[in-house]
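The residues making up each chain are set out below.
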Amino acid sequence: MDVRSAIKVFKKQNDKSSLINFELGILYRLSGSMENAHTLVQKIKNEKCKYDFEFDKQKLAIEILSWIKDKELFVNNMKGIINKTRQL
């Protein structure tokens with residue numbers, strides 16, 4: 001599945017949870033739509049958190065926002081996050 005198809009699938013979701021917004025934000029950035037990506041990741045940054053996993057997601061969103069404008073840096077950092085996750 002290509003990035004644009006994945007975006008269509010996620011946009012059809014009735015659930016607009018922060019997890020869906022997070023995934024969509026990543027996909028939008030990969031597709032070149034930086035403005036949409038920034039808006040969705042910013043929403044996660046601004047959420048009120050109660051649980052540890054929410055704070056972790058928010059911390060990651062803040063980190064992503066620091067390099068979201070540079071596509072090469074974004075892709076390289078996302079690859080690093082994916083590789084780190086796979087090792088867990």
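In what follows, the structure referred to is the one given above.
Below: a short report on this structure.

Cut-offs used in this document
Residues numbered from 1 in each chain as written. Predicted model: local features only at pLDDT ≥ 70, side-chain atom pairs only at ≥ 80, totals over all residues. Heavy atoms only, no water. Axes fitted to C-alpha atoms, helices over the stretch in contact; angles between N-to-C directions. Helix = DSSP H or I, 4+ residues; strand = E, 2+ residues; numbered from the N terminus. Parallel < 35°, antiparallel > 145°, perpendicular 65-115°, else oblique. Left-handed = near helix turned anticlockwise from the far one by under 90°. Contact = heavy atoms within 4.5 Å. Nonpolar A, V, L, I, M, F, W, Y, C, P; charged D, E, K, R; others polar. Phe/Tyr/Trp six-rings, centres within 6.5 Å; stacked < 30°, edge-to-face > 60°. Lys NZ or Arg CZ within 6 Å of the ring centre and 35° of its normal. Buried < 20%, exposed > 50% of the residue type's maximum accessible area, 1.4 Å probe, protein only. Lys, Arg positive; Asp, Glu negative; His and termini not counted. Salt bridge = Lys/Arg side-chain N within 4 Å of Asp/Glu carboxyl O. Polar contact = N/O pair within 3.5 Å; in protein donor to acceptor, adjacent residues only side chain to side chain.

**Describing the packing of helix H2 (residues 18-31) against helix H5 (residues 71-87)**
And then number 1: At their nearest, the axes of H2 and H5 sit 10 Å apart, and the two run at 135° to each other. In terms of their interaxial angle, H2 and H5 are classed as oblique. Our pair here, H2 against H5, has a crossing hand that is left-handed. In this structure, H2 contributes Ile26, Arg29 and Leu30 to the contact, and H5 contributes Lys71, Phe74, Val75 and Met78.
And then number 2: Class assignment for the residues of the contact of H2 with H5 results in five nonpolar, no polar and two charged.

**Digging into the packing of aromatic side chains**
And then number 1: In total, this model carries two aromatic pairs according to the counting rule given.
And then number 2: Geometry around Phe74 places Arg29 over its ring, the cationic atom sitting 6.0 Å from the centre.

**Description of the packing of helix H3 (residues 34-46) against helix H4 (residues 52-67)**
Helix packing for two helices is described by the angle between their axes and how far apart those axes are.
And then number 1: Between H3 and H4, whose axes approach to 8 Å, the crossing angle comes to 140°. By the criterion of interaxial angle, the relationship of H3 to H4 is oblique. The two elements H3 and H4 meet at a crossing, and its hand is left-handed. Listed contacts from H4 to His38, Val41, Gln42, Ile44, Lys45 and Asn46 of H3 are Lys57, Gln58, Ala61, Ile62, Ile64 and Leu65.
And then number 2: Split into classes, the residues belonging to the contact of H3 with H4 amount to six nonpolar, four polar and two charged.

**Section: the side chain of Glu54**
And then number 1: Within the secondary structure layout, Glu54 lies in helix H4.
And then number 2: For the buried residue Glu54, which engages in no salt bridge, the nearest side chain bearing the opposite charge is Lys57, 5.8 Å off.
And then number 3: Here Lys50 takes part through its backbone nitrogen, which lies 2.7 Å from a polar atom of the side chain of Glu54.

**What about the environment of Glu35?**
And then number 1: Of note, Glu35 is situated in helix H3.
And then number 2: Between the C-alpha atoms of Glu35 and Gln13, which are 22 residues apart in sequence, the distance is 21 Å.

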